[in-house]
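# Analysis of the macromolecular model
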Amino acid sequence: MTKLAQWLWGLALLGSTWAALTMGPTLGLELPLTCREVLWPLPAYLLVTVGCFALGTVGYRVATFHDCEDAALELQTQIQEARADLVRKGLLF
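Residues numbered from 1 in each chain as written. Predicted model: local features only at pLDDT ≥ 70, side-chain atom pairs only at ≥ 80, totals over all residues. Heavy atoms only, no water.

What the largest pocket holds in volume is close to 460 Å³. Considering the residues around the largest pocket, the lining is formed by 16 residues, among which Gly10, Leu11, Leu14, Gly15 and Leu46 are closest to the centre. Among the secondary structure elements, those contributing two or more residues to the lining of the largest pocket are helix H1 (3-22) and helix H4 (42-63). Residue contributions to the lining of the largest pocket peak at 10 residues, all from H1. (1 Å grid on protein atoms, 1.4 Å probe; cavity = no way out; pocket = protein on both sides within 12 Å on 5 of 7 lines; lining within 4 Å. Points joined across faces, edges and corners; volume = space filled by probe spheres on them. Helix = DSSP H or I, 4+ residues; strand = E, 2+ residues; numbered from the N terminus.)

Pasting the structure below:
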């Protein structure tokens, strides 16, 4: 199962549970008023939480990003070799 399918299944499970609980009186489920007050904005809270987690993850990855100096030097030498080869073939820069 792909990661996308796992996320979609989890989202469907959470969404159907939320819908069943918010439609409690229709389905015969009576929740206390305090639970219903917390339950209605729950998707917005979850969306904000996931957004904060994603922002934190990106920030952490950017902060701990390591430069590959060996790969950069290798790439620069390959670029110089390619330019020299093109100049030999008659291309002017």
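With that settled, the discussion passes to a negative patch on the surface. A cluster of acidic side chains, namely Asp67, Glu69, Asp70 and Glu74, defines a negative patch on the protein surface. Looking at where aspartate 67 falls in the secondary structure, it is placed in the loop between H4 and helix H5 (69-88). You can call aspartate 67 exposed: its relative accessible area is 66%. (Patch = residues over 30% accessible without salt bridge, like charges linked within 9 Å, V, L, I, M, F, W, Y side chains within 5 Å. Areas by Shrake-Rupley, 256 points an atom, 1.4 Å probe, with all protein chains shown as cover. Salt bridge = Lys/Arg side-chain N within 4 Å of Asp/Glu carboxyl O. Lys, Arg positive; Asp, Glu negative; His and termini not counted. Charge placed at Lys NZ, Arg CZ, Asp CG, Glu CD. Buried < 20%, exposed > 50% of the residue type's maximum accessible area, 1.4 Å probe, protein only.)

Across all of its chains, the model carries 2 salt bridges by this definition. As a salt-bridge pair, lysine 89 and aspartate 85 come within 3.5 Å of each other at their nearest N and O atoms. Assessed through its relative accessible area of 65%, lysine 89 is described here as exposed. Judged by relative accessible area, aspartate 85 falls into the partly exposed class, the value being 27%.

Take the UniProt feature "signal peptide" (unreviewed entry) in the chain next. Following the UniProt record, the feature "signal peptide" (unreviewed entry) maps to residues 1-19 here. With 89% helix and 0% strand, the stretch residues 1-19 has end C-alpha atoms that lie 25 Å from each other. (UniProt positions renumbered as here; feature names shortened; annotations may be inferred.)

Our next topic: the UniProt feature "transmembrane region" (unreviewed entry) in the chain. Following the UniProt record, one finds the feature "transmembrane region" (unreviewed entry) at residues 43-63. Within residues 43-63, the helical portion is 100% and the strand portion 0%, while the C-alpha atoms at the span's ends are 30 Å from each other.

Our focus in this paragraph is the packing of aromatic side chains. Counted under the stated rule, the structure contains 1 aromatic pair. Judged by centre distance (5.8 Å) and plane angle (90 degrees), the ring pair of tryptophan 18 and tryptophan 40 falls under edge-to-face. With tryptophan 18 in helix H1 and tryptophan 40 in the loop between helix H3 (33-39) and H4, the pair connects residues that are 22 residues apart, well separated along the chain. (Phe/Tyr/Trp six-rings, centres within 6.5 Å; stacked < 30°, edge-to-face > 60°.)

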